[in-house]
Each structure stands twice: as C-alpha cells, then as structure tokens.
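Each chain is listed here by its residues.
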Amino acid sequence: MSVETGTASMFGDVEQVSENQMVLNMGPQHPSTHGVMRLLIEVDGETVTKCTPDVGFLHRGVEKLIETHDYRGGITLTDRMDYTAGPSNNMGYLMAIEKLMGMEDEIPLRAKLIRTAVAELSRLASHHIWIGTHALDIGAMSAFLWSLREREKILYLFEQACGARLTTSFMRVGGTGPHDVPESWVENVDAFLDSYTLDELNSLLTGNEIFQSRTRGVGVIPAEQALSYGLTGPSLRGSGVDWDLRKARPYAAYDMIDFEIPVFPEGDVYARYLVRLNEMYQATRIVRQCMEHLRDLPADAPSNADRPDLVPPDVGRVPFDMEAMINHFKLVMHGVQPPQGEAYFGIEGPKGELGYYFVSDGSGMPYRCHVRSPSFVNLGIMEDAAVGGLIADTVALIGSIDIVLGEVDR
Amino acid sequence: MPLGSGILKGFATVFKVGARKPATVMYPENVRDIAYRFRGQVGMRRDEVANGLTCVGCGLCETACPNDVIRVDTSEGEDGTRVVDRYLFDVGRCVFCYFCIEACPVDALQRTHDFHLVTEDRRGLVIDGFKMIDIYEHDLENRSLEDQNIGPGTRPRLWFGDD
Ligand code: SF4
Ligand code: SF4
C-alpha cells in the first residue's frame, strides 16, 4: 500500500477525464512562489483546471508567540511577518494597542507624521520587491536588479531612523518611543526623493510588448469576485473597486495629506501592475508632504504622548532622578497594561488591509491576538483566478497578487 | 505606436543605466556606509573605577528582552551590595531589538556596529560581559567620534560624572 500524505487527499479523487490530465506540484521551492508555498495544479494539457494553494510551510506561530510576550516584545515579532514592509506591521500593531487603550487622540502630530512617512517608505520598498520579483517571474532581469538597488536606499533610510533595515522594531506605544528620528533624517529623505526615479522601471516594463502580452487579459478577477473573496489593497483596486483605508477611514496623518488612490477597472495582471506603479508615485508624494509638515513643526515638538504611565522618562534623567528611576523600572517590569476589552484596527498595508485584533484581560500580555494578514486572504483568489489559464499565467498571477509567505503562514 | 517600440525604449534605458557606475559594494574588501544608529552586537561599557562590568545586576535587561538572551547571576556582597557574578549573553537568540539597551538604567549596555557574529562552534555564541566590553571598546576605536551625537535618543549617556 502506498503511503498517503495529508495533502494528497486535499485533492479528493482525481478523475481521469482526458489523457492529457495530470497533477502538477508547483513548489514548495519553486522560485515563482515567492517563498515556501506549494500549489497543487491540475492541468489538462497546458490549461489549469484546478488550483489549490497549500500553505503553512513557514508557520512560526506568531500570533501565539505575541500572546506569550508583553506588548513591547510583540513589536519584534510583527516585522517578521511581512518582512518586506516591517515598519507597516509595527505601525498596525501599535495602533491597535493604542485603540485598545483609547488613546488615539493623544498621539502627537510629529509621531503621526513620522509614522505616515515611514509607512509610505515601506510601501515603496515592498512594491519594489514586488515589481522586481514579478518582472523576474515574467522574464525581465534588469527590473529586478534596479528595483533592489532603489530599495536599498530606502532600507538605508530605515537604518538611519531606527537602526535596522528589515526587522525595524520601530516606534512604541504612544509615539516614536525613545528614538525619535535623527535631525538629519528629514534632509536625507528629501535627498533620496530628489534622486529617486521610477521612470527607469516604467520605461522598461509598462510599454514593453512582451510584458503586456504576458499580463494583459491574464488572471482576470471581476470586481464582485474580488469583493466576495475579501481582497484588499492593490489587488482589489486593480479590479476597479475604489476602497482604500487611507481614504475611507483616515488614520495617522493621512487626513492632512493630499494624494490619490489609483484604480484600474480591467482586473487583470496588468491592471494590478498599474495600480501598484501609480501607488509608488503617490507614495513619494505623501512622503514629500510629510517631510514638509515635519519641517514646519517647532523643533521641540513632542514625539511621544504625554503619558508617564506608558512612555519611559528621558533616559538621561534616570540615574539622577528618583521619580524617573521608579517610573523607568515600573515601565520595564510591567510594560503597557491596556484595560480589559477588545479592539481591532486595520491599516492599509502595502498588500492590503493589515489588521490586528486584540483581546486584553487587563494584564501586560495580550489574552488573544489575531492578525488579519492581507497576503493570506488575497491568496484565496488563486483557486478561482488561475483556472482556465496556462501554467505560465499562474506564475504571473501569483506575482500580481503580491504575497509574502512570512505573512501568509505567520 | 509601431510594434516593438516599447521594447526599444526599454533597451535605450538599459544602455543609459548600464553606462553608470555600478551600485554594488564589493563586500569583504569594502563595507557600505553604516548609519550611526545601526544595531549590531550589544556591547558593554567598562567600569573605569572597578575595571570590570558597569552592570549593577538590576535585571531589567533580562526582563525587557523578548528572547531570553541575557542571564545575570547576582549574589550579595560583603557590604550588602549586589554583586554581579556572571553576565551571559546568547548571541544566537538575539534579534538586535535593543530593548535591553533602552532598559538599562546605568547605560552599561551600549550600541556597537559589530556585525561579524560568525563562530565555528555553537557554544561560541554565548559570550560573557567581559567579551562584550572587548567588543564595545574595539568598536569604539573603529568609529569616528563626531557621528556619536546626531539626534535625540542616541547621545552617549555618561553617568557618575565621568565625562
Ligand atoms: S537586543 Fe533585544 S533580543 Fe538582543 S539581548 Fe537585547 S533585548 Fe534581547
Ligand atoms: S539592565 Fe544594565 S545594569 Fe541592569 S542587569 Fe542589565 S546590564 Fe546590568
């Protein structure tokens, strides 16, 4: 008797309907699955008749781990989910805790602006990874290398702001935490924006006939289907649905910033490409405006909420000041202790709605944490969208819904 | 637009960009710029008076660390003060979040730019406080001093007036 593996039965009984039919395993180490994901594809000749994503290879139990850490320790886990956009994850996590504590209004403007700018920079970095790997899947090598070159500059900005390129652990509950951005950061970001250009990638891909023939009319997701699968982010806006949390429920400093939401109605891979490309142009606009607002702020504008029970005292004072010392010890030992209750907060991450849900029992550790990760939800569309296309179209489709397996499996 | 003009446009860009200097840094020979705030291996400051660990054994770093990297063993000294017997740091578990440095009330733990963490043996990843002092002092020598003060939160904090 042959050994039955668990995943083989996911397929049910494979009925032989034609001679050309066969089952194809794509992954878990296929380069175009962007990580360790396995796609079980049933093909009839070259045409996909059924597609089942098999996820979980990268499961690390992040949600459970967050429940075993205090609220501060959880920050280090969040940027390991969507590692292409660490600061966005940090931000969603912290804003959910702030909502749980009912202190959204107390976040000072400076912290909001820095959060917005950093989130948009991470959107740029994430979209650079996406545009590079997506183009690489389709066969364009230069776009990948140029993307990573530009992304490196963004990561260097993160490093200047907080010390790490990918696993940023940036910001704390109540503001930016003890590390406000350095004084020279605003100029560095401006210098980056001045030298930054998307036109190279644009001229390489957008008008390219080969790229278009690989992406136009491929993997079409109609708007109703996108909505019923719960797609969010660029994958939804590529189907013509104008929904973006930054406009629909403005958070951080997005309500004071002028930007547009690109929407394309075609629903194919090319439309999603255009959405993301235009989003990158918008992201540079947003960052530039944030920098202008930051420069207008007075030099001594606070970057942390005025809450001694949450925000540690100035570290320089600690050895000399008894109250500060006590406060510091109390905060490190007990951390943030939100009141009993529950809260959900979603931000518009680079890949879609990135939501965190917390249940608090009043202690220093979350009683329950759940992450609504956009990659995981968006991946569900593979089952429908891949059917009827060719195997090569499946590759283009995976690229276009922009998944990160660290976030899918958590 | 005639067919193929999009590809030709791409080619033109490729030639234009190809003429530029490459952005690659040939790593072992050259190292890219490292920002001052770069979070490398955690170092420790030498106590100038006792010529030993600055750590007073309060255990805050142990509590703040999300990954149980640090272990501080203390005992009561002759005059009733707390004495640090052993300070252990497991580099293999550290995620370089620097929560420990934020927590340390006496600035014993310090930022370094050291990212050469390779060892031949897993046991070599567990280092003690004196090794951390070496790492910190070696790192200070190789770092220019003026970039130590570039903004709030990163100024060198010296206490007990030894500046
Ligand atoms: S840097 Fe973070 S993980 Fe490493 S010892 Fe300090 S607190 Fe622990
Ligand atoms: S926080 Fe500082 S003083 Fe306290 S045990 Fe850790 S290193 Fe020593």
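Residues numbered from 1 in each chain as written. Chains lettered and ligands numbered in written order. Predicted model: local features only at pLDDT ≥ 70, side-chain atom pairs only at ≥ 80, totals over all residues. Heavy atoms only, no water.

Help me out: how do you make sense of empty space enclosed by the protein in this one?
The rolling of a water-molecule-sized probe over the atoms marks out the regions of remaining empty space. Tallied over the full model, the rule gives three cavities of 30 Å³ or more. The wall of the largest cavity is formed by A:Cys162, A:Ser169, A:Phe170, A:Met171, A:Arg172, A:Thr176, A:His179, B:Arg39, B:Cys97, B:Tyr98, B:Glu102 and B:Arg111. Classifying every residue of the lining of the largest cavity gives five nonpolar, three polar and four charged. (1 Å grid on protein atoms, 1.4 Å probe; cavity = no way out; pocket = protein on both sides within 12 Å on 5 of 7 lines; lining within 4 Å. Points joined across faces, edges and corners; volume = space filled by probe spheres on them. Nonpolar A, V, L, I, M, F, W, Y, C, P; charged D, E, K, R; others polar.)

When you look at the site of ligand 2 in this model, what are you seeing that I'm missing?
Taken together, 13 residues form the shell around ligand 2, and within it B:Cys55, B:Cys58, B:Gly59, B:Cys61 and B:Cys104 come nearest. Taken together, the residues of the shell around ligand 2 sort by class into 11 nonpolar, two polar and no charged. (Near = heavy atom within 4 Å.)

Please clarify how the layout of surface pockets should be interpreted in this entry.
Of the voids in this model, the largest pocket is the one considered here, and its volume is about 1100 Å³. Lining of the largest pocket is provided by 49 residues; of these, A:Gly177, A:Pro178, A:Ser303, A:Asn304 and A:Val311 occupy positions nearest its centre. Those elements giving two or more residues to the lining of the largest pocket turn out to be α6 (185-195), α12 (269-296) and α13 (322-334) of chain A together with α3 (99-103) of chain B. With six residues, α13(A) is the largest single contributor of residues to the lining of the largest pocket. (Helix = DSSP H or I, 4+ residues; strand = E, 2+ residues; numbered from the N terminus.)

Sorry, what's going on with the domain arrangement of chain A here?
How big an interface is tends to be stated in terms of the accessible area lost upon association of its parts. All names here are of chain A. Parsing chain A into structural domains produces domain 1 (5-54) and domain 2 (62-409). On a C-alpha basis, the centroid separation for the pair domain 1 and domain 2 is 32 Å. Taken together, the contact pairs 20 residues of domain 1 with 18 residues of domain 2. When domain 1 packs against domain 2, close to 1500 Å² is buried across both sides, 69% of that on carbon and sulfur atoms. Taken together, domain 1 and domain 2 are joined by zero salt bridges. Inspection of the region where domain 1 meets domain 2 yields three residue pairs in polar contact (both at pLDDT 80 or more). (Domains from an automatic or database assignment. Contact = heavy atoms within 4.5 Å. Buried area = accessible area lost by both parts, 1.4 Å probe. Salt bridge = Lys/Arg side-chain N within 4 Å of Asp/Glu carboxyl O. Polar contact = N/O pair within 3.5 Å; in protein donor to acceptor, adjacent residues only side chain to side chain.)

I would appreciate a short explanation of the interface of chain B and chain A in the present structure.
Taken residue by residue, the interface counts 44 residues in chain B and 45 residues in chain A. Counting every contact that joins chain B to chain A gives eight residue pairs in polar contact (both at pLDDT 80 or more). Going through the elements one at a time, α1 (5-18), α2 (60-64) and α3 of chain B are the ones with two or more residues in the side of chain B that touches chain A. Considering every element that reaches the side of chain B that touches chain A, the biggest residue donor is α1(B), with eight residues.

Just to check I follow, could you spell out the site of ligand 1 for this structure?
As a structural note, the neighbourhood of ligand 1 is formed by 13 residues, with B:Cys65, B:Cys94, B:Cys97, B:Tyr98 and B:Cys100 the closest of them. Looking at the shell around ligand 1, its residues break down into 12 nonpolar, one polar and no charged.

What is the right way to read helix α4 (residues 109-138) of chain A from this model?
Because each turn of an α-helix spans 3.6 residues, side chains separated by three or four positions end up pointing in the same direction. For α4(A), which comprises 30 residues, the first-to-last C-alpha distance of 43 Å matches the rise-based estimate of 44 Å (1.5 Å per residue) to within 8%. Across the 30 residues that make up α4(A), a large majority, 26, are buried. (Expected span 1.5 Å × (residues − 1). Buried < 20%, exposed > 50% of the residue type's maximum accessible area, 1.4 Å probe, protein only.)

Please explain the side chain of A:Asp409 as it appears in this structure.
Residue and element names in this part refer to chain A. Inspection of the secondary structure assignment puts aspartate 409 in helix α17 (residues 405-409). As a buried residue without a salt bridge, aspartate 409 has its nearest oppositely charged side chain in arginine 60, at a separation of 7.4 Å. Apart from the residues within four sequence positions on either side, aspartate 409 is in contact with Val36, Val55, Gly56, Phe57, Leu58 and His59. (Lys, Arg positive; Asp, Glu negative; His and termini not counted.)

Is there a simple way to explain the pairing of strand β2 (residues 38-44) of chain A in this structure?
Successive side chains on a regular strand alternate, one facing one side of the sheet and the next facing the other. All names here are of chain A. With respect to burial, β2 is a largely interior element, six of its seven residues being buried. Pairing of strand β1 (residues 21-26) with β2, which is carried by six bridges, proceeds in the antiparallel orientation. Across the sheet, asparagine 25 pairs through a bridge with leucine 40, a residue of β2. Taken together, the seven bridges between β2 and strand β3 (residues 47-54) define a ladder with antiparallel strand orientation. Across the sheet, glutamate 42 pairs through a bridge with lysine 50, a residue of β3. Hairpin geometry of β2 and β3 is characterised by an intervening segment of two residues between the two adjacent antiparallel strands and by a positive phi of about 70° at glycine 45. (Pairing = 2+ DSSP bridges.)

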